[in-house]
Amino acid sequence: MILPRDKAFSTNQLSEVEAILADYGCSLTVIAGTTRTIYAISGDERDEEMVGRIEGLEFVERFDRIQAPYRLMHHASDLSSHRVRIGNVVLGEGFHVIAGQCTIDPRNPQYFLETAHAVKEAGAVAIRGGVWKPRTSPNAYQGDDKALEILIQARAQTGLPVSTEVMEDRHLQVVMDAGVDIIQIGTRNALNYGLLKQVGRGTAGSKTVVLLKRGMHMGPVDEFLCAAEYIAAGGNPNVVLCPRGTKPELDGYRNFPDESITPLLKGRSWAPVVVDPSHSVGKASLVPFASLAAAAYGADGLNVETHVCGSKGIGDDPKQSITPAVLAQLIRDAKEIHSRTLGYKIPLSKA
Ligand code: PEP
Ligand code: MN
């Protein structure tokens, strides 16, 4: 990671740095953070001669080397002062909730629009809704481009940012053109490095937030942070980590609830953590417990499936969407619990 003396390098300075790096087989990605621009190196940044040449440039403040497998997401990274914003709120300041349907039903747009207004009323800061769905069976509903229009309509009607999952390059292009605020990468694609790179590059320099679900088969915490690193290294530091439960499932739950990794993530990374209690437990009646547990573990917020009439929904909505009334109660309670966690410090990892 290279830090410029000024806020950013000039074009000539950038070319000079890139020419040196190229001699050692390395390249540079420009990452615009909240307070300054930093320059991430791809490749082996350990060559002492290369480091010496870069540090010798008078317009370079310093050359930082972090030994962890993820450099940008590390809490000691120069990105650590970066703040991820969703609309008017800053993640990490208070407790914020993204809520809405699992799936937007293009044949019944009124449900999604009603849900959008209801979650806003309940205190959510952004609206989620699946346009395209990763389904286990190829015969199950796969999504529809028409649902994107409904999502954008909900944004226009409520004034809230919106979130949807992308699974391929075409989706990415379409949502960027439509101005979707939050791009979700689902659990099945959390290890799809090609897609992670594409999303990082395709959203570089924009305000778009990427909400990365934890892979359901991910073990080590570092595996999750490395996946996030692909997005940041592509040029977008607006990354949110979203634990959502792993396999094998705990008997009685849809997955193995993993909100407890929140302090581990926070001990290693500066990135905000927004927990998904819905896919974790998989039953509407259990979602409030997992939500409050996430707040108690110090999460910065939640991503919760909510529907005005879940039984009429599609995808996961009939089984795991909570009602807007439960959402309102849960947001109040989770905020209170979250505020009580602030007196406890999470030790930062040394690695
Ligand atoms: C979803 O958010 O509806 C979804 C499919 O999530 P996950 O990828 O976590 O299963
Ligand atoms: Mn779902």
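Predicted model, so just to flag it, every value in this text is computed and none were measured. (Residues numbered from 1 in each chain as written. Chains lettered and ligands numbered in written order. Predicted model: local features only at pLDDT ≥ 70, side-chain atom pairs only at ≥ 80, totals over all residues.)

### Description of unusual backbone geometry
With an omega of 0°, the peptide bond between K247 and P248 qualifies as cis. Within the secondary structure, P248 sits in the loop between strand 12 (239-242) and helix 8 (262-268). (Helix = DSSP H or I, 4+ residues; strand = E, 2+ residues; numbered from the N terminus.)

### Comments concerning the packing of helix 3 (residues 109-122) against helix 4 (residues 146-158)
Packing of helix 3 against helix 4 brings their axes to within 10 Å, and their N-to-C directions diverge by 35°. Crossing of helix 3 over helix 4 shows right-handed handedness. Taking contact as the criterion, the partners of P109, F112, L113, A116, H117 and K120 in helix 3 are, on helix 4, I150, Q153, A154, Q157 and T158. Partitioning the contact of helix 3 with helix 4 into residue classes produces 6 nonpolar, 4 polar and 1 charged. (Axes fitted to C-alpha atoms, helices over the stretch in contact; angles between N-to-C directions. Left-handed = near helix turned anticlockwise from the far one by under 90°. Contact = placed C-beta atoms within 7 Å. Nonpolar A, V, L, I, M, F, W, Y, C, P; charged D, E, K, R; others polar.)

### Comments concerning helix 1 (residues 11-23)
The terminal C-alpha atoms of helix 1 lie 19 Å apart, and with 13 residues this matches the ideal 18 Å at 1.5 Å per residue to within 8%. One or two positions beyond helix 1, positive phi appears at G25, with a value near 75°. (Expected span 1.5 Å × (residues − 1).)

### With respect to the domain arrangement of the protein chain
One widely used convention gives an interface's size as the accessible area the parts lose upon coming together. Domains assigned within the protein chain are domain 1 (2-65) and domain 2 (85-341). For domain 1 versus domain 2, the distance between C-alpha centres works out to 34 Å. Counting residues at the interface gives 7 residues for domain 1 and 6 residues for domain 2. Secondary-structure elements contributing two or more residues to the side of domain 1 that touches domain 2 are strand 2 (27-32) and strand 3 (37-42). (Domains from an automatic or database assignment.)

### As for the nonpolar core
Residues L212, A228 and V240 are the most contacted members of the largest nonpolar core, which totals 95 residues. Counting residues per element, this core draws most heavily on helix 7 (residues 221-233), at 8 residues. A domain split of this core shows at least three residues from each of domain 1 (2-65) and domain 2 (85-341). What V240 contacts, discounting residues up to four positions off in sequence, is V84, L91, V209, L211, L212, A271, P272 and V274. (Core = buried A, V, L, I, M, F, W, Y, C linked by C-beta atoms within 7 Å. Buried ≥ 20, exposed ≤ 12 C-beta atoms within 10 Å, placed from the backbone.)

### Focus on the pairing of strand 12
Alternating positions in strand 12 separate into two faces, V239 and L241 on one and V240 and C242 on the other, with burial throughout. At this point the chain moves from strand 11 (residues 209-213), through helix 7, to the parallel strand 12, and the crossover so formed is right-handed. (Right-handed = clockwise from strand over helix to strand, strands pointing away.)

### Topic: the packing of helix 10 (residues 287-296) against helix 12 (residues 324-341)
For the pair helix 10 and helix 12, interaxial distance at closest approach is 8 Å and the crossing angle is 25°. If you check the angle between helix 10 and helix 12, you find them roughly parallel. Here the hand of the crossing between helix 10 and helix 12 comes out right-handed. Where helix 10 abuts helix 12, its residues P288, S291, L292, A295 and A296 lie against V326, L330, D333, A334, I337, H338 and T341. Along the lines of polarity and charge, the residues of the contact of helix 10 with helix 12 split into 8 nonpolar, 3 polar and 1 charged. (Parallel < 35°, antiparallel > 145°, perpendicular 65-115°, else oblique.)

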